[in-house]
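Coordinate analysis (summary)
Chain by chain, the residues run as shown.
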There are 2 protein chains.
Amino acid sequence: MDTLPRVRHFDAELEDLKSQLLEMGGLVASSVHRSILALTERSEDLAHQVFRDESRVDQMEIQIDDFATRLIATQQPVARDMRLIVVAIKINTELERMGDLAVNITERSLAVMHLPRMDGDLYRQINELASLVEQMVLTVLDAFVKQDAEIARELMTSDNSVDKLRSAIGEELIARMQKDPAIIPRALNLMFNSRSLERIADHATNIAEEVIFLVKGVDVRHRFGAERELDTAAVAKPA
Amino acid sequence: MDTLPRVRHFDAELEDLKSQLLEMGGLVASSVHRSILALTERSEDLAHQVFRDESRVDQMEIQIDDFATRLIATQQPVARDMRLIVVAIKINTELERMGDLAVNITERSLAVMHLPRMDGDLYRQINELASLVEQMVLTVLDAFVKQDAEIARELMTSDNSVDKLRSAIGEELIARMQKDPAIIPRALNLMFNSRSLERIADHATNIAEEVIFLVKGVDVRHRFGAERELDTAAVAKPA
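A brief report on the enclosed structure follows.

Conventions and cut-offs
- Residues numbered from 1 in each chain as written.
- Chains lettered and ligands numbered in written order.
- Predicted model: local features only at pLDDT ≥ 70, side-chain atom pairs only at ≥ 80, totals over all residues.
- Heavy atoms only, no water.
- Axes fitted to C-alpha atoms, helices over the stretch in contact; angles between N-to-C directions.
- Helix = DSSP H or I, 4+ residues; strand = E, 2+ residues; numbered from the N terminus.
- Parallel < 35°, antiparallel > 145°, perpendicular 65-115°, else oblique.
- Nonpolar A, V, L, I, M, F, W, Y, C, P; charged D, E, K, R; others polar.
- Expected span 1.5 Å × (residues − 1).
- Polar contact = N/O pair within 3.5 Å; in protein donor to acceptor, adjacent residues only side chain to side chain.
- Phe/Tyr/Trp six-rings, centres within 6.5 Å; stacked < 30°, edge-to-face > 60°.
- Buried < 20%, exposed > 50% of the residue type's maximum accessible area, 1.4 Å probe, protein only.
- Lys NZ or Arg CZ within 6 Å of the ring centre and 35° of its normal.
- 1 Å grid on protein atoms, 1.4 Å probe; cavity = no way out; pocket = protein on both sides within 12 Å on 5 of 7 lines; lining within 4 Å.
- Points joined across faces, edges and corners; volume = space filled by probe spheres on them.

1. Some thoughts on the packing of helix α3 (residues 79–111) of chain A against helix α6 (residues 184–216) of chain A
Residue and element names in this part refer to chain A.
- Orientation of α3 relative to α6, taken along the N-to-C sense of each, is 175°, at an axis distance of 10 Å. Between α3 and α6, the angle is such that the two are roughly antiparallel.
- Among the residues making up the contact of α3 with α6, the classes are represented as 16 nonpolar, six polar and eight charged.

This is the structure:
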C-alpha cells in the first residue's frame, strides 16, 4: 500500500479541523451580536440564547483540542502541518475566551435590564462597536481558513478603529457621569461592556498574528511593544 | 546504541521547558508587584522596570513556543509527554497575557502619577489584591512543575478571595464617585487596575485547570458554567 491514501486522509482531517474552528467562530460571533442586542433591545430571550450557546462553545473547545492533539500524536506531522495544528490549538483558546467575554456582556446586560435606559445615541455607538468586532471575528477566521496573511494584516488596522470608538464611548460616559452621578452604575455597565468588546477585538488580533506567523513564518506578536512604551511616556509626562 | 540516553535527554529537555516557564512566571509575578507599587509609591523607576521586563517576557514567549514545538517535532512524544508539552504551550500564552496586563496597570499608574493621591485605605486594599494575585501566579507554577493537582485545586478557591476583594474595592469606588464626581477619572483608573489584577488571577486559574487536566486527565475547564448561569439569573431578577 502506498502512502497516498494516508496523506489524503490527513489533509481531510486538517480541513475538518478548520471547519470545526469556523463553526465555533460563527457561534462566538453570533453570541457577541446577541449579547449587545440583549442590552439595547432589553431581550432576556437573546440573553438566554447566549448562555445556551456558551455550553456548545465550551464543548467544542474541548473537542477541538482533543482532535488536534490526537492528530499530532497519530500523524506526527512536520513543519507547516505541525505549525497549522499548533496555531489551531491557540485559535481554539482565543475563540473560547471571546465566548466568555460575550457571556460577561450578557450577564451585565441582564443586570441593568430593569433600570431606566441610557441615551439612544450611546446605544447606537455601542451597537456600531459590536458590529465592528463581530466582523473582525469572522474576517480573521476567513484569513485562517484561506491562510491569507493580507486579510490578517488588514484586520490589525481595523483593530485601531475599535480602539478609537471604544475611547470615544469611554470619554462620553465619563463626561455624563460627572454631570449626573446618579447614572454612574449604568454608565459603568456600558463602559465595561465596551471594554469587553475591545478585548474580543484584541483576541481577533491575536489570531491575526498567529495567521501571519503561520503563513509567513514571521512572528509579529510583539512588533508593537516599542511603540506602546513611547505612548506611555507621553501620557505620563504631558507637555 | 540503546535508547536510554535519548530518553534521558528528552526528560532533561522537558525539565528545561519547565524551568523556562518558571523563569518567565517569576518575571511576570514581579512585574505585577512592581506595576501596583508604581501606582501606590508613585515610582517611575518601577514603571520603567516593568516595561523593560516586558520585552524579556515577550522574547521568552517566542523562545518557549519554538522550543516546545521543536520538542514535539523531533521527539514525537506520546500520551502524557505530549500533553505536558501542549499544556506548556498554553501556560506560555497565559503568562504572556499576564505580563501584558501588568504593563496595562503600569501605563495607567503612570497616567495618574501627577494627580492628587486617592485615599490611603484604597491603596492598602489594592496592594493586598496585588499580593494575592502575585501569590497565585507563583503557586500555580509550583503546581505545574510538581504536577500537583491538589495545589492547583486550592488555587481555584483562592480565586474567589480575589473576586470578593475586587468587588469590595469596586463598590467602595462607586460610592466615592457618587459622592464626589471630581474624582471619577482617578477612581476609574483604580477600578480598571483592580479588574486587570482580577484578570491576572483568572489567567492563573486557567493554568490551574490545565494542570489538573494534565495530572488527572480530567477536563475541569467548564465545570463552573452552570453555576455562573444561576448567579446571573439572580442578578437579573432581584427578589
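Now, onward.
2. A few points about helix α5 (residues 149–179) of chain A
- An ideal rise of 1.5 Å per residue puts 45 Å on 31 residues; α5 of chain A measures up with 46 Å between its terminal C-alpha atoms.
- The opening residue of α5 of chain A, the one whose side-chain oxygen lies 2.8 Å from the backbone nitrogen of E150 of chain A, is D148 of chain A.

3. Some points on unusual backbone geometry
- Here Q147 of chain A, not a glycine, exhibits a phi torsion of approximately 50°, which is positive.
- Tracing the chain through its elements places Q147 of chain A in the loop between α4 (120–146) and α5.

4. Description of the packing of aromatic side chains
- If you walk through the whole model with that rule in mind, you get one aromatic pair over all chains.
- Relative to F192 of chain B, the ring of F192 of chain A lies with its centre 5.5 Å away and its plane at 75°, an arrangement referred to as edge-to-face. Taken together, the residues span two chains, with F192 of chain A in helix α6 and F192 of chain B in helix α6 (residues 184–216). Taken as a pair, F192 of chain A and F192 of chain B share a single burial class, namely buried.
- Positioned above the aromatic ring of F213 of chain A, the side-chain terminus of R83 of chain A is 5.5 Å from the ring centre.
- Of note, R195 of chain B hangs over the ring of F192 of chain A, and the distance from its end group to the ring centre comes to 4.3 Å.

5. Details of the layout of surface pockets
- The calculated volume of the second largest pocket comes to roughly 250 Å³.
- If you trace the second largest pocket, you find 14 residues lining it, with D66, T69 and R70 of chain A together with R83 and F213 of chain B closest to the centre.
- Secondary-structure elements contributing two or more residues to the lining of the second largest pocket are α2 (44–75) of chain A together with α3 (79–111) and α6 of chain B.
- Per element, the largest residue contribution to the lining of the second largest pocket is six residues, and it comes from α3 of chain B.
- Of the residues assigned to the lining of the second largest pocket, the class counts are six nonpolar, one polar and seven charged.

By themselves, these observations are geometric and do not establish any function.
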